[in-house]
Amino acid sequence: MLKGKKILAVGLTAAMCLAAFTACGSGSNSGSAASDSSADSSAAVSGTITASGSSALQPLAQQAADDFMAENPDCTVTINGGGSGEGLKQVADGAVDIGNSDVFAEEKLDAETAKGLVDHEVALITVAPVINKDLGVKSVTTDQLKGIFTGQIKNWKEVGGPDLDIMLVTRPSSSGTRALFKEYALQGEEESSSSALETDDSGTLMETISQNKGAIGYVALSYLVNNENAVALSIDNVEPTLENTYSGKYNVWGYEHMYTKGDGSDAAQSFIKYLSGDKYAESVEKLGYGAIGKLSDEAKKAHESSAAESSDSSASADSSAESADASADSSDSSDAGADSSAQ
């Protein structure tokens, strides 16, 4: 009987231990689930993000913003254009969270202001000369392109096209796309602004090209995606494509930057990481932008070499202009002296 009681006691003790163990296990799983739920909750982004600047980057930034908000419904992202210079100024002033730019901040801001910004390179931008689809010109040489945009070549028949006046659609000096095109396509030469239609709105530029057979401008490849009224113009028989950009054959490209003041807000950081992450790379290319990771070493070297040549060309042009001004001043002084002597 005593032995039976001992067996019963052992059985009850075991059952109690098993129940306790089960309860502990259940509590542990519940804690893990709560932790997972908490992690999921913390991963969702809330708040507001404002960005302005580059019109070339705007299509990608807007699409990424729409996709980001779909995954983070408590976050609002507002994307505006205005040009790289304006975007950099606004982020430096604290007016927006992100300043979108086609060029490095140091090219648009003074050194001290630029130091306060953090650069996030998010994609590649390939810039192409663009013409009306009915014009019939397929390619021009670099020298012909420079002649067109500096106003020395005024009729399409001079480059193998129809007898039609060239209509230049240019961009303001604040434009990062203009700075990039000047450096890598025009080899440092300034585009003509006389009698030209000037806009930094790429959508407006494309509309002008589509409506005028003799018009020419330049845009990011993203503005040629699904566009049936305008076409890219090859340079030296090299077509402006992502593949040619990656390989180094086509050299008119640059990095797309998203600048923040300091590290920026948590929400802004999350958005930038989302856009530049591996998971979004396919969407980036579908929109006509390049993935930085696909850029070859040859392309980087060719780009650096082209930038150096452009810088030398600009310096030479500035020196020539200064010499001309000095000669003019000397001539004026001589004329004044002659007049004085005559009197």
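Up top is the structure.
Numbering of residues begins from 1 in every chain and follows the order in which that chain's sequence is written. For a predicted model such as this one, the threshold for reporting local features is a pLDDT of at least 70, and the threshold for listing and counting side-chain atom pairs is 80 or more; totals across whole chains, interfaces and linings nevertheless cover every residue. With hydrogens and water set aside, each side-chain value is computed from the structure's full complement of heavy atoms.

K.L.:
Got a minute to help me understand helix α5 (residues 142-149) in this structure?
P.N.:
Residues spaced three or four apart along an α-helix face the same direction, because each turn holds 3.6 residues. A large share of α5 lies buried, amounting to six of its eight residues. When we look at burial in α5, the residues that qualify are Thr142, Leu145, Lys146, Gly147, Ile148 and Phe149. Elements in contact with the buried residues of α5: β4 (117-132), β5 (139-140), β6 (167-170), α6 (176-184), β8 (215-220) and β10 (234-235). Buried, partly exposed and exposed residues are distinguished by accessible area as a fraction of the type maximum, computed with a 1.4 Å probe on protein chains only: under 20%, between the cut-offs, and over 50%, respectively. Numbering of helices and strands runs from the N terminus; a helix is a DSSP stretch of H or I covering at least four residues, while a strand is a stretch of E covering at least two. Any two residues having at least one pair of non-hydrogen atoms within 4.5 Å are treated as being in contact.

K.L.:
For this particular structure, what's the right way to read the side chain of Asn132?
P.N.:
Note on placement: Asn132 falls in strand β4. With relative accessibility at 4%, the residue Asn132 sits in the buried group. A distance of 2.8 Å separates a polar side-chain atom of Asn132 from the backbone nitrogen of Asp134. Beyond its immediate chain neighbours, meaning those up to four positions away, Asn132 contacts Ile209, Ser210, Gln211, Asn212, Lys213, Ala215, Asn229 and Val231. Within 3.5 Å is the distance limit for a polar contact, defined as a pair of N or O atoms, with the added protein rule that one can donate a hydrogen and the other accept it, and that residues adjacent in sequence qualify only through two side-chain atoms.

K.L.:
Explain unusual backbone geometry to me, please; I cannot follow it from the model alone.
P.N.:
Most of the time, phi is negative for any residue but glycine, and the peptide bond is trans. Of note in this structure, Gln187 is not a glycine but carries a positive phi near 55°. Along the chain, the position of Gln187 falls in the loop between α6 and β7 (197-198). For Gln187, a relative accessible area of 33% corresponds to the partly exposed category. Even without being glycine, Asn226 reaches a positive phi, approximately 65°. Tracing the sequence through the fold places Asn226 in the loop between β8 and β9 (230-232). Accessibility expressed as a relative area gives 76% for Asn226, which makes it exposed.

K.L.:
Just to check I follow, could you spell out the pattern of salt bridges for this structure?
P.N.:
For side chains bearing opposite charge, pairing can occur when the charged atoms are close. Any carboxyl oxygen of Asp or Glu that lies within 4 Å of a side-chain nitrogen of Lys or Arg is treated as forming a salt bridge with it. Summed over the entire model, instances satisfying the criterion amount to ten salt bridges. Across the salt bridge formed by Lys182 and Glu190, the nearest N and O atoms sit 2.7 Å from each other. For Glu190, a relative accessible area of 43% gives the class partly exposed. The network of salt bridges with common partners includes Arg178, Lys182, Glu190 and Glu191.

K.L.:
For this particular structure, what's the right way to read the pairing of strand β2 (residues 75-82)?
P.N.:
On a regular strand, each side chain points to the face opposite its neighbour's, so the side chains alternate between the two faces of the sheet. Following DSSP output, two strands are said to pair if at least two bridges run between them. The pairing of strand β1 (residues 47-53) with β2 spans six bridges and is parallel. Across the sheet, the residue bridging to Thr50 is Thr78, located in β2. A crossover counts as right-handed when, viewed with the strands pointing away from the observer, the path leading from the first strand over the helix to the second turns clockwise. As a crossover connection, the stretch from β1 through helix α2 (residues 58-71) into β2 is right-handed.

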